[in-house]
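# Inside the fold
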Amino acid sequence: MSFFISRTPFRISFFGGGTDYPEWYTTHGGAVLSTTIDKFCYVSCRFLPPFFDIRHRVVWSHIETVQSIAEILHPAVREGLHQLGFDDSRGIEIHHQADLPARSGTGSSSSFAVGLIKALTALQGREMSGIDLAQAAIELERNRLREPVGAQDQTAAAFGGLNLIQFHQGGEIEVGRVRVAPTRVRELKQNLLLIFTGTTRLSATIAESTVRNLMHRGDELHAMRRQADRACAILENGHALDEFGTLLDEAWTLIVHNSAHDSACACSHD
């Protein structure tokens, strides 16, 4: 009996967030500098043996035991199984575990989508490239689940590591590993601090506002895209990491400005 486990990393995004929405980059292009971290999403799956009185079992924050895929409450699992061509002819068992809680701002939903597809395609005897895996997760979240997400989280989870992810106007996604020595990576880690505040948020609410106001934020988004290139150059060319920190402060200022602008636009729409 085949049994597969996928381990998919969570990510933090440094620069360029917002330029990864197809609504933006298919017209203007975009780029995101991000890295995955040592916290993971785990998805295990197998065909359920035919000795149970249920057809499918899905274990997450709930335990679901159902007779058909259509009855599964977890939307990503239900639609992911449909997307990959599974049916009720054989029972499926899927378990989800994670190192971080959902809605923690580390791309957890996309990590789950990537891990789910990776595990299920392995169960089918298939292996997908990194870009095909990312695209399949984007298809699941954007088109099947109708989530207002961009394309950076799925790509980061599918490839792992410190990358400059470029989004081209033709729709292509290009992933370039940032060329830095291990000592430089250690130096960067020693100058970063990631804190879990204990609070969570629903990213879809923020994303809906972001997508709605993309075309009103052209100057800011172009600036954020340039920041991704500048930050990559700082890391690769050995510039002082103080410059990276200064750029992060500039990016945060842009984000705060954009959030205020989005709130104002939302009020005007109301």
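Look up: the structure comes first, before these words.
Residues numbered from 1 in each chain as written. Predicted model: local features only at pLDDT ≥ 70, side-chain atom pairs only at ≥ 80, totals over all residues. Heavy atoms only, no water.

Take the overall build of the chain next. The secondary structure content of the chain amounts to nine helices and seven strands. Within the span of the chain, comprising 270 residues, buried residues form 47% of the whole. In the chain, the share of contacts with a sequence separation of at least 24, taken over all contacts with a separation of at least 6, comes to 70%. Accessible surface for the chain amounts to roughly 13700 Å². Of this, 52% is attributable to carbon and sulfur atoms. (Helix = DSSP H or I, 4+ residues; strand = E, 2+ residues; numbered from the N terminus. Buried < 20%, exposed > 50% of the residue type's maximum accessible area, 1.4 Å probe, protein only. Contact = heavy atoms within 4.5 Å. Areas by Shrake-Rupley, 256 points an atom, 1.4 Å probe, with all protein chains shown as cover.)

A few words on a nonpolar patch on the surface. Among the surface-exposed residues, W252, I255 and V256 lie close enough to one another that they form a single nonpolar patch of about 300 Å² accessible area. Looking at the secondary structure, you find W252 in helix 9 (residues 241-269). (Patch = residues over 30% accessible without salt bridge, like charges linked within 9 Å, V, L, I, M, F, W, Y side chains within 5 Å. Salt bridge = Lys/Arg side-chain N within 4 Å of Asp/Glu carboxyl O.)

Once that is clear, we can look at unusual backbone geometry. Positive phi is not limited to glycine here, since R103 has a value of about 65°. As for its position among the elements, R103 is in the loop between strand 5 (92-98) and helix 3 (108-123). Even without a glycine there, the phi angle at R146 is positive, about 60°. Mapped onto the elements of the fold, R146 is located in the loop between helix 4 (130-144) and helix 5 (152-159).

Turning our eyes to something else, we now look at the pairing of strand 4 (residues 63-66). Here strand 4 shows one buried face, formed by E64 and V66, and one open face, formed by I63 and T65. Note that strand 3 (residues 56-59) and strand 4 share four bridges and pair antiparallel. Paired with R57 across the two strands is T65, which belongs to strand 4. Where strand 3 folds back on strand 4, the antiparallel hairpin that results is connected by three residues. (Pairing = 2+ DSSP bridges.)

Now for the pattern of salt bridges. As enumerated under the stated definition, the model contains 10 salt bridges in all. The shortest N-O distance in the salt bridge between E93 and R57 comes to 2.5 Å. Of this pair, E93 sits in strand 5 while R57 sits in strand 3, and the two are 36 residues apart along the sequence. Here E93 falls in the buried class, since its relative accessible area comes to 7%. A salt bridge links E79 to R78; the shortest N-O distance between them is 3.2 Å. On the basis of relative accessible area, E79 is assigned to the buried category, the value being 17%.

Let's shift gears to the environment of K118. In this structure, K118 sits in helix 3. Separated by 10 residues in the primary sequence, K118 and M128 have C-alpha atoms spaced 7.6 Å apart. Setting aside residues up to four positions removed in sequence, K118 forms contacts with S6, E127, M128 and L133.

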